[in-house]
Every structure is written in structure tokens, then in C-alpha cells.
Amino acid sequence: MKMACAKACALFAVAAAPWAAAGQDASANPLNKVIQLMDDLSAKVVAEGEAEAKAFHEYQEWCDEASHNAQFAIEDATKQKAKLEAQIGELSSDIEVAVSRIEKLSGSTASAEADLKNATLIREKEAADFAASEKELMDTVDTLGRAIGILEKEMAKN
């Protein structure tokens, strides 16, 4: 585009040269006015092109940076995912171990409760037997005590 504008300006400059050489006022010459407008337009197009090129370059840098950041985030997330999956596997095995231990302890608890119930029944039976034996022995001691008292009275009379 720059090349085409430059050629057009050169063509108009060559065409306007005879009027300028004739001594006519350059600002009054319509061809000079067109050349001036073309030069202004060419400068405006070049300035806008440079501004667009700068904006595109900045956008391209932003895209590259965003892509780099996204790639880093993906790599980081992938590493974190692998770590978390390993941790999940480890914790799952810990859960299985804990569940088996809970089942074992539940069985032990049920067995211990049954043993406690049996022991309690035995202790209650033994306590009842002891109470009966103690009552019998107390009765025997009481009877012996009365017998001793009677014997002492009879011996004191003789």
C-alpha cells in the first residue's frame, strides 16, 4: 500500500511540475492540492498502520504470555492431580485397614460382652451360694454359741 501511494504521489508530482515551472501559485494549482491531500492521506494511513502494528504486537505478546501462564497452570494442576490421586489411593487403603480393624474390634467387643455376661451370672450364682453358706455358718455359730453357753451353765452347776 505504501508503494502504491508513493507511486501515485510521484506521478502527481511529475504532472504538477509544468504548472510550478510556469510560475503559477502552487497552492492555487488543483493538482498540487490533490498531491497535498494524497500526501496527507498517505501519512495518515502510514501512522494508522504503525499504530495497528504496535497494537497487534502488544496483543500477540499478551496472547503468548497468557498461553505460557495457561500451560504452566496446566502442568501445575497435572502434578497436583497426580499427588492427590496418590493420596486418595493411600487413604483408601488406610480406610480398608481401619474397616477391617473395626470389624475385628467389634467381634472382640461382642465376645468380651458375652464373657462379661457369663462372668456376671457366675458371680451372681457364687454370691447367692456364699450368702446361703454364710447364713448356714452363722446359724451354726449361733447354735454353737448357745450350746457353749448351756454347757458352761451346766458345768458351773456341777
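Structural notes, computed from the coordinates. Only a predicted model underlies this, so the values are computations on that prediction, with no experimental measurement involved.

**Remarks on the pattern of salt bridges**
The final tally for this structure, using the stated rule, is three salt bridges. Note that Arg146 is salt-bridged to Asp142, the shortest N-O span being 3.6 Å. Separated by four residues within a single helix, Arg146 and Asp142 lie in helix α2 (residues 30–157), roughly one turn from each other. Judged by relative accessible area, which is 49%, Arg146 ranks as partly exposed. The partner of Glu154 in a salt bridge is Lys157, with the nearest N and O atoms 3.8 Å apart. Linking Glu154 with Lys157, this pair stays in helix α2, spanning three residues, or about one helical turn.

**Here we look at α2**
Here α2 contains 128 residues, and its C-alpha end-to-end distance of 177 Å stays within 8% of the 190 Å for a straight helix at 1.5 Å per residue. All buried positions along α2 are accounted for by Leu31, Asn32, Ile35 and Ser42. The N-terminus of α2 is capped by Asn29, whose side-chain oxygen sits 3.0 Å from the backbone nitrogen of Leu31.

About the criteria used
Here the residue numbering is sequential within each chain, running from 1 through the sequence in written order. Two thresholds apply to this predicted model, a pLDDT of at least 70 for residue-level local features and 80 or more for giving and counting side-chain atom pairs, whereas whole-chain, interface and lining totals are computed over all residues. The side-chain numbers reported here are obtained from all heavy atoms of the structure, hydrogens and water having been left aside. Salt bridge, as applied in this entry: a Lys or Arg side-chain nitrogen positioned within 4 Å of an Asp or Glu carboxyl oxygen. Secondary structure elements are taken from DSSP: a helix is a run of H or I of four residues or more, a strand is a run of E of two residues or more, and numbering for both begins at the N terminus. Relative accessibility thresholds used throughout: buried, under 20% of the residue-type maximum; exposed, over 50%; partly exposed, between the two (1.4 Å probe, protein chains only). By this rule the span expected of a helix is its residue count minus one, scaled by 1.5 Å. Polar contact is the term for a pair of N or O atoms within 3.5 Å; when the atoms are in protein, one must be able to donate a hydrogen and the other to accept it, and sequence-neighboring residues count only if both atoms are side-chain atoms.

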